[in-house]
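# Breakdown of the fold
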Amino acid sequence: MSPHRIPVDPAVLAPSPGATHRIHLSAAGVSVVLDVTDGRLPAIAHWGAALGALGPEGLDAVCEAAVEPVANNAVDVPVRIGIIPQQSDGWIGRPGLSGSRPDGSGWAPRLHTRTLALNELPVTAAHVETGAGTLRCDLADEQLGLAVALEVELLASGLLRMRAALTNTGETPYALDELTVTVPVPSDADELLDFAGRWAKERTPQRRAFTVGTHLRENRRGRTGPDAAHVLHAGRPGFGFRHGEVWGVHTAFSGNHRHLAEQTNTGARLLGGGELLLPGELRLAPGQQYRGPWLYASYGEGLDAVAARFHRHLRSRPHHVSTRRPVTLNVWEAVYFDHDLARLTDLADRAAALGVERFVLDDGWFGSRRDDTSGLGDWVVSDDVWPDGLGPLIDHVTDLGMEFGLWFEPEMVNEDSDVARAHPEWIMAPSPDRMPLPSRNQQVLNLSIPAAFEHVLGQMNAVLETYDIGYLKWDHNRDLLEAATRSSGHAAVHEQTLATYRLMDALKQAHPGLEIESCSSGGARVDLEVLERTDRVWVSDCIDPLERQQMNRWTSQLIPLELMGSHIASGRSHTTGRLHTLGFRAASALFGHLGIEWDLARASEAELAELREWITLFTQHRELLFTGDLVRADRGETSLWLHGVVSEHADEALFTLAAVTRSGESHQERLRFPGLDAEALYRIRPLQIGERPSGLGAPAWLRRAADADGLLVPGAVLVRSGLAAPLLDPEQALLFSLRREGERTR
Ligand code: DGJ
């Protein structure tokens, strides 16, 4: 992605404080218009649908149209809300920058714009229009000794991202409480959608009206959280996957953070986000800088369009994973802590015979870790269970042609571990004589202490240097409560989060090609900053396919399918106790990075044969799944969920129809397949592996398609009028492949 560069006339390069600049960035159907009137703090006059070329008059018109009238009993000039909202602009809501000096001053900044640079070239022209690009705004309040470097970047995908860095240019320390960046949304974006959840039930959607006040989603877990807001959307009432304008934001940070939607009594509406700083956590010495996380902002007609911008951006990164995502077997639900070479080599044999390409050894291989009460933090292969080291298993796995992956939980310790005994001062705690409540029998190791960081890095490097390991499953199984540097009592979640990023970066640098999975008690660390250094997320510890229908559906609101670990587990779910057919488990897992998490020694020959077919189907379709656009049909309150992936030019598609509950109505429903080309002619084929879904009542078109080699159907029928929905028992699924076979003759 190379941002479009605008030609700048060197004759107009002199910075002019107090000057007015109006800048229009536009890419992939999105426009962002920034207004820097009279050198004030940049305000977004428009973020939404593309406006086309505006010219100077048009740009002035957009900016002037965004100016509200002066209200009675308010400040005497129109209120203009900057990207970092401040009282000095008349904003009476939550300030974007909040902090103070020891004498109590410094809390009410008046930031103004000193210089602007677009794609690294100074902006001096009053009106600038360009495509995707990066605007760097140098802001300051000289009197208060504060300087802010604000970056506003419109990416080629049409995704907007912004972040701010504060430098203390004064002579006394500056205690920073909050630095939040915001985007405006229109006053008729009346409905909010974001996410909640808990362990094994991540990313449950919640909707509410956007009303006066602040919908504040604060996270104090020290990790992204199973209940993270994930993407906080505002949209036209009733917006769905395919309709209704929607504006969504995501705070890309894996420590404490916030998302907010705020409306004041003037009707102004903002979405915003930033890091949540604990008391005293950031005390900037003179000259010191703090940089906040990226706030990503995605706009589109419907939630699919919002998701697509995130997906396109992630896929455009040079380090994004290849589409040949290896089919993975993770041993956790197969053996738990029962590590036994014979059992695991047998599991590897069975996996390889099915076409599995990566074998991951989970928790329990190190120190005294025979259960979750001890040994965590001692990253040395256990002599008890692995007397000959991991070599025999790894050699066996790699001889079978599979890659080997290994589990770590680098930020954590059991108190009953060698490392915790040797260095109790490395445990995060509010004081030397107070310990946070244990959670899963564990505490947090303070990676912001250089010696602790080096210790963990050294132990992990030693394992990675000894063995042929291509993949780490990086776990994180507790919230950070009272997480301070034990000797001083200073809150240290911010430093811990940055140290974790550094540790990941150091390992990736030392071991080129190493992939890392972000896992946190399942899916409690899913955000775009951890994904800058990890290669997939574990969506949830709950592999029950019915639950995964929902969790995968909403996890993919932010990340594309190739980054979502999606496994086929045993028939009875270990987290819910529900029983499901292999067909439903596999059809649900297929729309993600496929894996297996099942003791294959307990699977029947028939199940293994069927599993082999599913794996083949996945490998045949992974190119499509991991390059195509995710589409989710709006089907109201129906029991039948339809989603799929459509290739770039709508030549090919794979859909799944899942019955997530028992229908309360007789079946007069039609299936409309989103994302296809209404002008094309498609061959639709039902794909059936294993037994026929129970309760299947096939309509005539489906019987004909199954009897012959598919059925030719005009795209307009598929997209607009729809096909009669089959009858299906609950928790059953059907798959359809579609291929363009020409254009409609008119
Ligand atoms: C939590 C993870 O989500 C599981 O997949 C597994 O790795 C366990 N931790 C191991 O302790």
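Presented here is an overview of the structure given in this document. (Residues numbered from 1 in each chain as written. Predicted model: local features only at pLDDT ≥ 70, side-chain atom pairs only at ≥ 80, totals over all residues. Heavy atoms only, no water.)

Once that is clear, we can look at the pattern of salt bridges. Counted according to the given criterion, the structure contains 55 salt bridges. Linking aspartate 599 and arginine 343 is a salt bridge whose minimum nitrogen-to-oxygen distance equals 3.1 Å. Taken together, the residues aspartate 599 in the loop between strand E33 (593–597) and helix H11 (605–625) and arginine 343 in helix H4 (residues 341–354) connect sequence positions 256 residues apart. For aspartate 599, a relative accessible area of 9% gives the class buried. Taking relative accessible area as the criterion, arginine 343 reaches 26% and is therefore assigned partly exposed. Between aspartate 651 and arginine 740 there is a salt bridge, and its shortest N-O distance comes to 2.6 Å. Of this pair, aspartate 651 sits in the loop between strand E35 (640–646) and strand E36 (652–659) while arginine 740 is found in strand E41 (residues 732–743), placing the two residues 89 residues apart along the sequence. On the basis of relative accessible area, aspartate 651 is assigned to the partly exposed category, the value being 35%. Look at the salt bridges and you will find they share partners, linking Arg22, Asp35, Asp60, Glu64 and Arg80 into a network. (Salt bridge = Lys/Arg side-chain N within 4 Å of Asp/Glu carboxyl O. Helix = DSSP H or I, 4+ residues; strand = E, 2+ residues; numbered from the N terminus. Buried < 20%, exposed > 50% of the residue type's maximum accessible area, 1.4 Å probe, protein only.)

So, about the sheet that holds strand E1 (residues 21–27). Note: strands within a sheet are paired through backbone hydrogen bonds, in either parallel or antiparallel orientation. If you walk across this open sheet you meet the four strands as E3-E2-E1-E7, and the pairing is mixed. Only two strands of the sheet have a single neighbouring strand rather than two, namely strand E3 (43–49) and strand E7 (127–130). On average, each strand axis in the sheet is inclined to that of its neighbour by 10°, with strand direction left out of account. In terms of strand pairing, E1 meets E7 through four bridges, oriented parallel. Its bridge partner being in E7, isoleucine 23 is matched across the sheet by valine 128. (Pairing = 2+ DSSP bridges. Axes fitted to C-alpha atoms, helices over the stretch in contact; angles between N-to-C directions.)

On to the pairing of strand E38 (residues 680–687), then. Here E38 runs beside E41; their pairing, made up of seven bridges, is antiparallel. Residue pairing in the sheet places isoleucine 684 in a bridge with leucine 738 of E41. Two elements, E38 and strand E39 (residues 711–714), share four bridges in a ladder whose sense is antiparallel. When the bridges of E39 are listed, arginine 683 appears paired with leucine 712.

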